[in-house]
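# Working through the structure, step by step
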Amino acid sequence: MTTKTAELRLPIEGMSCASCVSRVEKALGAVEGVRSASVNLATNSAELEVAQSAATAELVAAVEKAGYQCPLEQVELVIEGMSCASCTGRVEKVLSRLPGVLSANVNLAAGRAYVELLVGSQDVSALSAAVAKAGFSAEAADDAPKADENDGREREQQSLKRSLLVAAVLTLPVFVLEMGAHFVPGMHHWVEATLGQTLNWQLQFVLATLVLFGPGFLFLKKGLPALLKGAPEMNSLVALGGLAAWGYSTVATFAGHWLPAGSRQVYFEAAAVIVTLILLGRFLEARAKGRTGEAIKKLLSLQAPTARVERDGHSEDVPLERVRVKDRVRVRPGERIPVDGTVIEGSSWVDESMLTGEPEPVEKGKGSEVTGGTVNSKGSLLVEVTRVGKQTRLSQIIRMVEQAQGAKLPIQALVDKVTGVFVPVVMGLAAFTFVLWWWLGPAPALSFALVNGVAVLIIACPCAMGLATPTSIMVGTGRAAELGVLFRKGEALQALHGVKVIAFDKTGTLTEGKPQLTDLHVNEGFDEDAVLAHIAAVERRSEHPIAEALVAAARERNLSLPEVSDFDTVTGMGVRAKVDGVRVDVGADRYLKSLNMDLSVFAGAAQRLASEGKTPLYAAIDGKPAAILAVADKVKQGTPAAIAALHDLGLKVAMITGDNQGTARAIADELGIDAVEAEVMPDGKVEALKHLRQQHGAVAFVGDGINDAPALAAADVGLAIGTGTDIAIEAAQVVLMRGDLRAVPQALAISRATLRNIRQNLFWAFAYNVCLIPVAAGVLYPALGLLLSPMLAAAAMALSSVFVVTNALRLKRLSPAG
């Protein structure tokens, strides 16, 4: 038997010579399933012949292990027509099988597929075609404007509402004719006397047929083709159940002599009610699912449609898509700022609560940065545009929220495995139930077999399983965004739930990051002002916050700063330079000690300063210890409350700082911090995190600076302060849009609440099926004489999905303390 093969072009970056080519070819050739590999240095690519079963991810991993890179891209598709977990599994499977695709993640609640693939390996049309073969429609998310998507959801709800109303109107007479006698005494005799059995059944046949092949055709046109393709899903179960009840009843009505004696009964009401109740469930589910995306809708509503651009002395309202960088935009009082920019004229107070969750307006003046979507409260502002389109902060926030909402958590892996085989297993159980009742059941055995087999088919639709996780993620991350907490990666929701210790960078995170000179003691023989002038002259060349504090102190004393030459930074230690030809060294005690200087003259002052939580620094002039000075950084207002809230959540709190042990311990004692990693060099934060992980378990790191990026990436979860650097934000998994650290316990609380909600949903989704499938199969009949009607099965199935979505929506009311 020959294995099917496919050709694949693998783009490769980083090759520079023939030995690179040889190394890559060797690495690719060693991957299982690769028939041949030819690497071309000129085109920076490899042409491969691979078995269709070969995983693209393994090829990429082999290239990366050899020391090179395969450029990847992300494609987002809007999928229409999915209704259950089996649908998502089918779409994921067809997309994952395409050459060049590394992974495909489909979100049922969002109706989206997120595909990671090699650059240029597949275009959107090929991905859409693969989805179409699976029985669904797809288009690139960029080609489907958000407003159109919302309109599409609204149209879906209206369509379901119309179908439900038609089905209900047609079903009600069928239900009354067949089941009315159970509620109204004597009604059965009245129907027999006025209509007769034959006309009654024929009337039910007409109405049930209109229901099944009218509003119910939705299930037939999707479910039957899927069944024929060997990939049955929820619609297949409904179609089979409805057609079985309708078909049996049709035979009983028009060819009853074909059936065994005593089995001539009709179940038209079951077929009609099944369709109506499941349409009701679909409608309620669609309406509830629409509310799960309200966070995105709110963010989208913040975008102003136009901007008042000033050109050549004239103001003109311009559509937002035509605004360009460097344009000048006038924002009047009460208006929403349309774009990101810098204030070049005017002053005002701006409401930034949509970004930070903080209700207090922020003062803006010349040189201040403003963000599109925020509201100008009072004054008039002239803003020079710095970012437009997808580069604006609001667009990036929307993108982050969308990506987080589309994430598939590790907890979903079990669900995927179960739902992958669930529908075929259910169909097998339904067939087994039918055969068993027909063989061993009481008379009329065929009727019992039909009713119980249909009940099993209907009760077990896996809608609730497919919705359990994504709806909770969508609502949880949306609520987090409203509070100013952005999960850049949805996986952080689950990872954050498992952390045991929260480690904070000190400067700029626990503190304001704006230190001030508080103490200066000079050695004998040195003048205080002259020493400060020399220190400030050197520090003026540095960008460290402490350097700014020292320069500011010299300016406050109106000191003139001498010329500097040969400036150099000793990373994590201090700075040095020549001032008027004299060498000046400024830094921590470890720096001056490395220069073999005796600092014992300052021992008493150093001990006192450290006990006060101040950072002592030393200065040496011309090789002699000249001064000890202290710089203090004010603790942020929300820091003590944030630490207390983290302790209430049962977490350990740690601090990582470059301060000496005495100073660090004093600050930790003041704030109630449990663990301290002191005297840590900027490149030692990753090692400090490893030490904390060994002591306490999974660790989250909170930072804001460029030198925090490695630690943010190395932590189990990295949380970046949104007011920090772009590099830090890119390295983090969670972004806190405000500088207030009370957002950290809020992020933890949201993570825990969302995971708890997911577990509740999964428990009820699985428990519902585990408990009710045996009941539908008739397991209670021998002991209690109880059977589950297909109508009740349809109602229970519909309500299970509605329950899961409604339970997820409770997260919208979450108000975590912080």
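Residues numbered from 1 in each chain as written. Predicted model: local features only at pLDDT ≥ 70, side-chain atom pairs only at ≥ 80, totals over all residues. Heavy atoms only, no water.

Our working definition: UniProt positions are given in the numbering used here, feature names are shortened, and annotations may be inferred rather than shown by experiment.
Labelled according to an unreviewed UniProt entry, the chain appears under the name P-type Cu(+) transporter, originating from Oceanimonas pelagia. Quoted verbatim from the Subcellular location (unreviewed entry) field of UniProt, the annotation for the chain is "Cell membrane".

### A word on the UniProt feature "transmembrane region" (unreviewed entry) in the chain
Rules: Note on conventions: DSSP H or I runs of at least 4 residues are helices, E runs of at least 2 residues are strands, and numbering of each starts at the N terminus.
Following the UniProt record, one finds the feature "transmembrane region" (unreviewed entry) at residues 163-181, 201-220, 240-260, 266-284, 418-440, 446-469, 762-781 and 787-809. Annotated as residues 201-220, this span is 85% helix and 0% strand, and its ends, taken at the C-alpha atoms, are 23 Å apart. Within the segment residues 240-260, helix and strand shares are 71% and 0% respectively, and the terminal C-alpha atoms sit 22 Å apart.

### Some details on helix H22 (residues 603-611)
For clarity, the threshold we go by: Residue exposure (1.4 Å probe, protein chains only): buried if accessible area is under 20% of the type maximum, exposed if over 50%, otherwise partly exposed. The arc in question is traced by the directions running from the helix axis to the C-beta atoms.
What H22 keeps buried is the set Ala 605, Ala 606, Leu 609 and Ala 610. Mapping the buried residues of H22 onto a view down its axis gives an arc of 130°, with all of them on the same face. Facing away from the buried side of H22 by over 90 degrees, the exposed positions are Gly 604, Gln 607 and Ser 611. Downstream of H22 by a residue or two, Gly 613 has a phi angle that is positive, lying close to 75°.

### Observations concerning the pattern of salt bridges
For the record, the criterion: The term salt bridge refers to a pairing of a side-chain nitrogen on Lys or Arg with a carboxyl oxygen on Asp or Glu at a separation within 4 Å.
As enumerated under the stated definition, the model contains 19 salt bridges in all. With a closest N to O distance of 4.0 Å, Glu 384 and Lys 326 form a salt bridge. Linking Glu 384 in strand S16 (residues 381-387) with Lys 326 in the loop between strand S9 (314-319) and strand S10 (328-331), this pair joins segments that are 58 residues apart in sequence. You can call Glu 384 partly exposed: its relative accessible area is 22%. With its nearest N and O atoms 3.1 Å apart, the salt bridge here joins Glu 345 to Arg 330.

### Some thoughts on the environment of Thr 477
Among the structural elements, Thr 477 can be located in helix H16 (residues 463-482). A relative accessible area of 3% means that Thr 477 is categorised as buried. For the pair Thr 477 and Ile 750, spaced 273 residues apart in the sequence, the C-alpha separation amounts to 8.1 Å.

### What to know about the side chain of Arg 308
Under the convention used in this document: Distance and chemistry together define a polar contact, namely a pair of N or O atoms within 3.5 Å, with one atom able to donate a hydrogen and the other to accept it when in protein, and with adjacent residues in sequence counting only for side-chain atoms on both sides. Should any heavy atoms of two residues lie within 4.5 Å, those residues are considered in contact.
Locating Arg 308 in the fold gives a position in strand S8 (residues 306-311). Of note is the side chain of Arg 308, whose polar atom sits 3.1 Å from the side chain of Glu 335. Residue contacts for Arg 308: discarding those within four places in its chain leaves Ser 315, Glu 316, Asp 317, Arg 328, Val 329, Arg 330, Arg 332 and Glu 335.

### Some thoughts on the nonpolar core
Note the cut-off: Joining through side-chain atoms within 4.5 Å is the link that ties buried Ala, Val, Leu, Ile, Met, Phe, Trp, Tyr and Cys residues into a set, and such a set is a nonpolar core.
The biggest cluster of nonpolar side chains holds 134 residues, and the ones touching the most others in it are Leu 77, Leu 95, Phe 487 and Ile 502. The element best represented in this core is helix H28 (residues 743-777), accounting for 13 residues. The next biggest cluster of nonpolar side chains, apart from the first, holds 27 residues, and it includes Ala 533, Val 538, Val 575 and Ala 626.

### Description of the packing of helix H3 (residues 85-96) against helix H4 (residues 124-133)
Our working rule: The convention used is that axes are lines fitted to C-alpha atoms, helices contributing only their stretch in contact, and that angles between N-to-C directions extend from 0 to 180 degrees. Angle categories are assigned with fixed cut-offs, so that under 35 degrees is roughly parallel, over 145 is roughly antiparallel, 65 to 115 is roughly perpendicular, and the rest are oblique. Helix crossings fall into two classes, left-handed where the near helix is turned counterclockwise from the far one by less than a right angle and right-handed where it is turned clockwise. Classification used: nonpolar for Ala, Val, Leu, Ile, Met, Phe, Trp, Tyr, Cys and Pro, charged for Asp, Glu, Lys and Arg, polar for all others including Gly.
Direction vectors running N to C along H3 and H4 enclose 135°, while the axes themselves pass 9 Å from each other. It follows from the interaxial angle that H3 and H4 lie oblique. Considering the relative orientation of H3 and H4, their crossing is right-handed. Residue-level inspection shows Val 91, Val 94 and Leu 95 of H3 in contact with H4, the latter providing Leu 127, Ala 130 and Val 131. The residue inventory of the contact of H3 with H4, partitioned by class, reads six nonpolar, no polar and no charged.

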